[in-house]
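Spelled out from the first residue to the last, the chains are:
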Amino acid sequence: NKETHNRMNALKYMGQSESIRMDQLLMGQQYGFSVDQLMELAGLSVAASVQKCYGSLARSPKRVLAICGPGNNGGDGLVASRHLVHFGYAVDVLYPKRTDKDLYKNLVLQCQHVGISFLDNMPAESELTSRYGLVIDSIFGYSFKGDIRAPFDSIIKTLTGLNSQSLPIASVDIPSGWDVEQGNVNNTFTPSLLISLAAPKKCAESFKGTHYLGGRFLPQSFLDEFQLNLPQYPGAEQCVDISLQPSSS
Ligand SMILES: *[C@@H]1O[C@H](CO)[C@@H](O)[C@H](O)[C@H]1NC(C)=O
């Protein structure tokens, strides 16, 4: 529709260094957010996006599998997993490279308290499709650079082999394996849903699937400073659909 199209024209896609600067500024003295707060808001919006986009598709008897990387993007996935349990989903987490910091240890503890089980290994394709209704990819985020190390190389390979009709993937902020600015340069998987956090990154410009924006907390002065013209979030919702094309799912 025309209104959506006009809104999209104004949407700004952020580069890698600008995204890093944005988070540093948010956590600095001027804006005063803590990393825990940003992670909680990001994870909550991921969970809300999954509920809005997939509803009962990923519900019992199907489960949700969240794959969490070692950094902040993985932390967002841990928070999202906990909220999804409160939304009525059954969630398993694969978190193979754990970060030795209190923030992350507490997120794991909180997940365990709501009954989330942590897998030891990436399930094989047949087990993935029979057991799960959705995979959340929170492996790498906007600061990713360089080569993908084990075990994430083989995990991404398995995800790339999946048929999105039988098991959709929802990526948090950046589809893992993609270049943050150039997009899918190495022909890895394309998620069915991309949930951009705070503002979309350059790789999302070429993304054709369902695209949500989450992270509804940036003050107007901050939006002005970064010349961000973000769409309006409806009501009290934590996410807004910013897809370029109507979802085909
Ligand atoms: C793509 O593959 C090349 C060659 O293996 C590698 O150097 C590069 O880091 C990869 N890009 C991404 C985004 O993973």
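All of these numbers come straight from a predicted model, not from anything done at the bench.

A. Region of interest: the packing of aromatic side chains. The final tally for this structure, using the stated rule, is 6 aromatic pairs. An angle of 65° between the planes, with centres 5.4 Å apart, marks the rings of phenylalanine 33 and phenylalanine 217 as edge-to-face. Separated by 184 residues along the polypeptide, phenylalanine 33 in the loop between α2 (16–26) and α3 (35–54) and phenylalanine 217 in the loop between β7 (210–214) and α8 (220–225) bring together distant segments of the chain. For the pair phenylalanine 33 and phenylalanine 217, a shared accessibility class is recorded, and that class is buried. It is arginine 59 that lies over the ring of tyrosine 89; its NZ or CZ is 4.0 Å from the centre.

B. Summary view of the packing of α3 against helix α5 (residues 102–113). One way to put it is that α3 packs onto α5 with a least axis distance of 11 Å and a crossing angle of 35°. Here α3 runs over α5; the crossing is right-handed. Judged by residue contacts, Val35, Asp36 and Met39 of α3 engage Leu103, Tyr104 and Leu107 from α5. Residues that form the contact of α3 with α5 fall into these classes: 5 nonpolar, no polar and 1 charged.

C. Here's a closer look at the sheet that holds β7. What the 8 strands build is an open sheet, ordered β3-β2-β1-β4-β5-β6-β7-β8; its pairing is mixed. Two strands bound the open sheet, and with one partner strand each, they are β3 (117–119) and β8 (239–241). Put simply, the sheet's adjacent strands are angled 25° from each other on average, direction ignored. Looking at chain direction, strand β6 (residues 193–197) and β7 are connected through 5 bridges and run parallel. Looking at β7, one finds that leucine 193 is bridged to threonine 210.

D. Examining the packing of α3 against helix α4 (residues 72–86) more closely. One can describe the packing of α3 onto α4 by two numbers: an axis separation of 7 Å at closest approach and a directional angle of 55°. Looking at the two axes, α3 sits oblique to α4. The handedness of the crossing between α3 and α4 comes out as right-handed. Of the residues in α4, those in contact with Val35, Met39, Glu40, Ala42, Gly43, Leu44, Val46, Ala47 and Val50 of α3 are Asn72, Gly75, Asp76, Val79, Ala80, Arg82, His83 and Leu84.

Thresholds, definitions, all that
Counting starts from 1 at the beginning of each chain's written sequence and moves along it residue by residue. Note on the predicted model: pLDDT of at least 70 is required for a residue's local features to be given, and 80 or more for side-chain atom pairs to be given and counted; whole-chain, interface and lining totals, by contrast, use all residues. Note that water and hydrogens are dropped before the side-chain values are worked out from all heavy atoms of the structure. Within 6.5 Å between ring centres, the rings of Phe, Tyr and Trp (the latter by its six-membered ring) count as paired, and their orientation is classed by plane angle as stacked under 30 degrees, edge-to-face over 60, tilted in between. In DSSP terms, a helix is any run of H or I states spanning at least four residues, a strand is any run of E spanning at least two, and both are numbered starting from the N terminus. Only protein chains enter the accessibility calculation, which uses a 1.4 Å probe; a residue is then buried when its area is under 20% of its type maximum, exposed when over 50%, and partly exposed in between. Geometrically, a charge over a ring is one whose NZ (Lys) or CZ (Arg) sits within 6 Å of the ring centre while staying within 35 degrees of the ring normal. Think of each axis as a best-fit line through the C-alpha atoms, taken over the contacting stretch in the case of a helix, with angles from 0 to 180 degrees between the N-to-C directions. Note: crossing handedness is left-handed where the near helix turns anticlockwise from the far helix by less than a right angle, and right-handed where it turns clockwise. Whether two residues touch is decided by their heavy atoms; if any such pair falls within 4.5 Å, the residues are in contact. Amino acids outside the nonpolar list (Ala, Val, Leu, Ile, Met, Phe, Trp, Tyr, Cys, Pro) and the charged list (Asp, Glu, Lys, Arg) are all regarded as polar, and Gly is one of them. DSSP calls a pair of strands paired once it identifies at least 2 bridges connecting them. An angle below 35 degrees is treated as roughly parallel, one above 145 as roughly antiparallel, one from 65 to 115 as roughly perpendicular, and anything else as oblique.

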